[in-house]
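Secondary and tertiary structure notes
These are the residues of each chain, in order.
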Amino acid sequence: MHMHTLDKWQHTHNFLVDHNQAEKNTKIVLLLTTITMAAEVIAGLVFGSMALLADGWHMATHAAAFGITVFAYQYARKNANNPKYTFGTGKVSILGGFTSAIALSVIALLMIIESSIRLWQPQTIHFDEAIYVAIFGLLINLLSAMLLQDHHQHSHDHYHHDHDHHHHDYNLRAAYIHVLADALTSVLAIIALLAGKFLDWIWLDAVMGLVGAVVITKWAYGLVKDTGLILLDGSPDKEVKLAIIDAIEQNLDNRVTDLHVWNLSQQHLAVTISLVTHHPQQPEHYKNLLSHISALSHVVVEVNQCQDELCSD
């Protein structure tokens, strides 16, 4: 029975990155979006404009997405050391990004449906009020985009000295894409409204809605693809796997027989390695071989001694 502390052989499973500034900025954007939403809904009711009402409720969906972003940050931080989560809560923000991307897809679908209806059944548009509110919304979106830019994307020597890797806060990225989607919608709406007012091109409003929906769908798909891969423990880039194999197999006659690498969070990777060798060493020896790959935060090594002379060929 061990009579000494086990601290030497234990390590933390808190793989969270400091997102305090991103959380604060998202709260500001949430407040701005809520105020703008309320203004558009009230203006729509006062001026009798369905366009303003629709855009107001459209912004409500973005406000809900920002709420998801803030909730993900807070939940991950509060449960960072909760033993219920085997590898910590590093993926909570990624789940938030995935959820927001799904919401973005729903918004795009609703835009397609609404635009298709308006294309075949044009509706009366209050151009002056709509243009004013669209410009106001665009200004709010530009301010929000500045607040939500991910300033934590920077290069790190994660794989090897000649490999650069960029970190993405997918939770913040999802909120940023929601703002870009709103800004794009505002720009296209302004163009369509001006064309409708001065050229009588009423149909352009619906066409711009369809164009915006297609672009937003593309953004949402990219975000779902990136976050979904991490949530399903997909393997990271091939470079890191090759770097691991090279580091192990360049030492003595080691051969990697099984390798699993997956994300614990945006910036932390876990790896399990099975290897065979004629000259088995302590697991710490193999972990030291991987010490230059700083993204590896959780390493498990299984060492098998080879009894067959041919296995070294």
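How each quantity is defined
What you see as residue numbers is a count from 1 along each chain, following the sequence as written. The predicted origin of the model limits local features to residues at a pLDDT of at least 70 and limits the giving and counting of side-chain atom pairs to 80 or more, whereas totals for whole chains, interfaces and linings rest on all residues. The basis for every side-chain value is the complete set of non-hydrogen atoms in the structure, without hydrogens or water. When a carboxyl oxygen of Asp or Glu is within 4 Å of a side-chain nitrogen of Lys or Arg, the pair counts as a salt bridge. The way it works is that DSSP assigns letters per residue, a run of H or I at least four long becomes a helix, a run of E at least two long becomes a strand, and they are numbered from the N terminus. Partly exposed residues are those whose accessible area sits between 20% and 50% of the maximum for their type, while under 20% is buried and over 50% is exposed, using a 1.4 Å probe and protein chains only. Residues enter a nonpolar core if they are buried and are Ala, Val, Leu, Ile, Met, Phe, Trp, Tyr or Cys, with the set joined through side-chain atoms within 4.5 Å. Here pLDDT means the predictor's own confidence in every residue, given as a number from 0 to 100. Note on contacts: a residue pair is in contact if any heavy atoms of the two residues lie within 4.5 Å. Pairing between two strands requires that DSSP report at least two bridges joining them. Look down the strands so they point away from you; if going from the first strand over the helix to the second traces a clockwise path, that crossover is right-handed. Each aromatic pair joins two rings of Phe, Tyr and Trp (for Trp, the six-membered one) with centres within 6.5 Å, and gets the label stacked for planes under 30 degrees apart, edge-to-face for over 60, and tilted for any other angle. In a helix, the anticipated span is given by 1.5 Å times the number of residues less one. For the purposes of these results, a polar contact is taken to be a pair of N or O atoms within 3.5 Å, where, inside protein, one atom must be able to donate a hydrogen and its partner to accept one; residues adjacent in sequence count only when each atom of the pair is a side-chain atom. For helices, the fitted line uses only the C-alpha atoms of the stretch in contact; every axis is such a line through C-alpha atoms, and the angle between N-to-C directions lies from 0 to 180 degrees.

1. Description of the pattern of salt bridges
Tallied over the full model, the rule gives six salt bridges. Between Asp-128 and Lys-197 there is a salt bridge, and its shortest N-O distance comes to 2.6 Å. Taken together, the residues Asp-128 in helix H4 (residues 127–148) and Lys-197 in helix H5 (residues 170–199) connect sequence positions 69 residues apart. A salt bridge links Asp-226 to Arg-173; its shortest N-O distance comes to 3.0 Å. Of this pair, Asp-226 sits in helix H6 (residues 203–231) while Arg-173 sits in helix H5, and the two are 53 residues apart along the sequence. Relative accessible area serves as the criterion here: at 28%, Asp-226 is assigned to the partly exposed category. Judged by its relative accessible area of 25%, Arg-173 is partly exposed. Taken together, the shared-partner salt bridges in this structure form one network comprising Glu-23, Lys-27 and Arg-77.

2. Focus: the nonpolar core
One recurring pattern in soluble globular proteins is that nonpolar side chains are buried together. Counting residues in hydrophobic clusters, the biggest one holds 19 residues, and the most contacted among them are Ile-244, Leu-259, Val-271, Ile-273, Leu-290, Ile-293 and Leu-296. Listing elements by their share of this core, those giving two or more residues are helix H7 (238–249), strand E3 (255–263), strand E4 (269–277) and strand E5 (296–305). The leading source of residues in this core is H7, at five residues. Ala-101, Ala-108, Ala-213 and Leu-223 belong to the second-largest nonpolar core, a separate cluster that totals 15 residues.

3. Comments concerning the confidence of the model for the protein
Scored by pLDDT, the protein comes out at a mean of 82, with 84% of its residues at no less than 70. The low-confidence segment residues 152–166 (pLDDT under 50) makes 35 contacts with residues lying over four places distant or belonging to another chain.

4. Structural notes on unusual backbone geometry
A negative phi angle is the norm for most residues apart from glycine, just as the trans form is the norm for most peptide bonds. We note that Asp-200 has phi near 65 degrees; this positive angle belongs to a residue other than glycine. Structurally, Asp-200 is set in the loop between H5 and H6. Residue class for Asp-200 comes out exposed when judged on its relative accessible area of 57%. Phi at Leu-252 takes a positive value of approximately 55 degrees, unusual for a residue other than glycine.

5. A few points about the pairing of E4
Burial within E4 is extensive, with eight of its nine residues counted as buried. When E3 meets E4, the two strands line up antiparallel, connected through eight bridges. Bridged to Arg-255 within E4 is Val-276. Between the antiparallel neighbours E3 and E4 lie five residues. Of the crossover connections in this fold, the one passing from E4 over helix H8 (residues 283–289) to the parallel E5 is right-handed.

6. Some details on the packing of aromatic side chains
Centre-to-centre distance and the angle between the planes together describe a pair of aromatic rings. For the coordinates displayed, the defined rule picks out four aromatic pairs. Relative to Trp-262, the ring of Phe-87 lies with its centre 6.0 Å away and its plane at 80 degrees, an arrangement referred to as edge-to-face. On the criterion of sequence distance, the pair formed by Phe-87 in the loop between helix H2 (50–78) and helix H3 (92–120) and Trp-262 in strand E3 is long-range, its members being 175 residues apart. Following the ring pairs from residue to residue traces out a cluster consisting of Phe-71, Tyr-75 and Tyr-85.

7. Details of H5
Because each turn of an α-helix spans 3.6 residues, side chains separated by three or four positions end up pointing in the same direction. Taking 1.5 Å of rise per residue, the 30 residues of H5 would be expected to cover 44 Å, and the 42 Å separating its terminal C-alpha atoms lies within 8% of that figure. Between a side-chain oxygen at the N-terminus of H5 and the backbone nitrogen of Asn-171 the separation is 3.2 Å; the capping residue is Asp-169. Asp-200 sits one or two residues past H5 and shows a positive phi near 65 degrees.

8. Some words on the side chain of Asn-79
The residue Asn-79 is located in the loop between H2 and H3 in this model. Leave out the neighbours within four places in its chain, and Asn-79 touches Tyr-85 and Thr-89.

9. So, H6
Here H6 spans 42 Å end to end across 29 residues, near enough to the 42 Å set by a 1.5 Å rise per residue. Within H6, the full set of buried residues consists of Leu-204, Ala-206, Met-208, Gly-209, Gly-212, Ala-213, Ile-216, Ala-220, Leu-223, Thr-227, Gly-228 and Ile-230. The secondary structure elements touched by the buried residues of H6 are H3, H5 and E3. In the segment just after H6, Asp-233 is the residue with positive phi, at about 60 degrees.

10. Thoughts on the environment of Glu-284
Mapped onto the secondary structure, Glu-284 falls in helix H8. Each C-alpha atom, one on Glu-284 and one on Val-300, is 9.7 Å from the other, the two residues being 16 residues apart in sequence.

11. What to know about the sheet that holds E5
A sheet is described by the order of its strands in space; here three strands give the open sequence E3-E4-E5, paired in mixed fashion. The outermost strands of the open sheet, each flanked by one partner alone, are E3 and E5. Across the sheet, the axes of successive neighbouring strands diverge by a mean angle of 10 degrees, strand direction being ignored. Two elements, E4 and E5, share nine bridges in a ladder whose sense is parallel. Of the residues in E5, the one forming a bridge with Val-276 is Asn-304. Running at roughly 145 degrees to E3, H7 makes contact with E3, E4 and E5 of the sheet.

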